[in-house]
Amino acid sequence: MRKNIVAGNWKMNTTLDEGVELANNVNTLLKEKKANCEVIVCVPFTHLTSVNAVIEPELVKLGAENCSEHAKGAYTGEVSASMVKSTGAQYVILGHSERRQYFGENNEQLLAKTKLALENGLLPIFCVGEVLEERENGSYNDVVRGQVEALFSLTPEEFGKIVIAYEPVWAIGTGKTATSDQAEDMHAHIRKVIAEKYGQEVADNSSILYGGSCKPSNAKELFAKPNVDGGLIGGASLKAEDFMGIIEAFG
Ligand code: PGA
């Protein structure tokens with residue numbers, strides 16, 4: 001059976017001290033009240049080792065927000081999948097719309113990153129999602145299909161390790177959430193696309209998270225949908241109480 005997951009994406013927020021404090025607070029809250037889902041914090045590269053030292057692995061898992069498409073070598077400023085893995089991280093967010101939009105990451109690079117992540121024992125949280133124009137002109141199902149299909153050279157075994165995060169770009173950081181029906185329709189569509197290629201079992205075992213202005217007040221309705229297996233949380237993951245409020249949607 002697929003896992004329910006709530007993952008925080010801190011983006012480029014918090015200094016090291018602030019990040020360690022936030023992780024510590026999340027860990028403390030989860031010690032008091034056990035989660036009914038897997039909890040992950042995806043943090044800036046600079047914070048990985050220090051955050052790893054304050055979280056208890058059975059309560060909170062650790063992830064990075066990106067990794068290089070190159071294995072190693074002369075790529076100044078880049079951080080490889082093996083470096084991420086060596087910090088104790090288990091997950092890595094790949095293909096976030098901010099990476100696609102502001103850093104021009106394309107399908108080919110994202111496939112290379114995904115393969116390196118998997119080779120190094122990291123589990124990718126692979127983001128897909130349409131922009132507002134594509135939502136409005138009705139091409140959103142095809143756009144997201146294409147983003148998922150970019151991974152279809154993976155073996156079924158490899159694809160089975162991927163967590164998909166559907167994040168409509170128009171809902172990220174805008175306060176405008178997709179309705180639970182819009183999310184459910186897209187998640188069902190993604191699962192169908194996966195099933196066509198890899199079969200129903202792989203599709204049924206794939207966790208598909210929703211992301212985009214998810215908060216304690218709307219998480220319960222979103223997560224109640226049969227194809228929504230949790231959330232990738234930006235803004236609301238920066239306050240331990242809000243993040244916990246979302247985790248408790250799986251009460
Ligand atoms: P948001 O971001 O929750 O702040 O909308 C979600 C994300 O980009 O992962």
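Residues numbered from 1 in each chain as written. Predicted model: local features only at pLDDT ≥ 70, side-chain atom pairs only at ≥ 80, totals over all residues. Heavy atoms only, no water.

Trainee: Can you tell me about the overall build of the protein chain, naming the residues and giving the values?
Mentor: Along its length, the protein chain carries 12 helices and eight strands. Over its C-alpha trace the protein chain gives a radius of gyration of 17 Å, about what one expects of a compact globule, namely 18 Å for 251 residues. A burial count over the protein chain gives 52% of its 251 residues as buried. By element, 50% of the accessible surface of the protein chain is carried by carbon and sulfur atoms, the whole surface being about 11100 Å². (Helix = DSSP H or I, 4+ residues; strand = E, 2+ residues; numbered from the N terminus. Rg over C-alpha atoms; globule rule 2.2 N^0.38 Å. Buried < 20%, exposed > 50% of the residue type's maximum accessible area, 1.4 Å probe, protein only. Areas by Shrake-Rupley, 256 points an atom, 1.4 Å probe, with all protein chains shown as cover.)

Trainee: Can you break down the site of the ligand residue by residue, with the values?
Mentor: Neighbouring the ligand are 13 residues; Lys11, His96, Glu167, Gly173 and Ser213 lie closest to it. The separation between an oxygen atom of the ligand and a polar side-chain atom of His96 is 2.6 Å. Gly234 places a polar main-chain atom, nitrogen or oxygen, 2.9 Å from an oxygen atom of the ligand. Protein burial of the ligand: of its 280 Å² of free accessible surface, 94% is covered by the chains. Taken together, the residues of the shell around the ligand break down into four nonpolar, seven polar and two charged. (Near = heavy atom within 4 Å. Polar contact = N/O pair within 3.5 Å; in protein donor to acceptor, adjacent residues only side chain to side chain. Nonpolar A, V, L, I, M, F, W, Y, C, P; charged D, E, K, R; others polar.)

Trainee: Report on the pairing of strand E1 (residues 5–9), specifying residues and quantitative values.
Mentor: The buried fraction of E1 is high, at five of five residues. Neither face of E1 is open: one carries Ile5, Ala7 and Asn9, the other Val6 and Gly8, and all of them are buried. Relative to strand E2 (residues 38–43), E1 runs parallel, the two being bridged by five bridges. In the strand pairing of E2, Ala7 is matched with Ile40. Considered for its hand, the β-α-β crossover made up of E1, helix H1 (residues 16–32) and E2 is right-handed. Where E1 lies against strand E8 (residues 230–233), four bridges are found, and the strand directions are parallel. Bridge pairing links Ile5 to Gly230 in E8. (Pairing = 2+ DSSP bridges. Right-handed = clockwise from strand over helix to strand, strands pointing away.)

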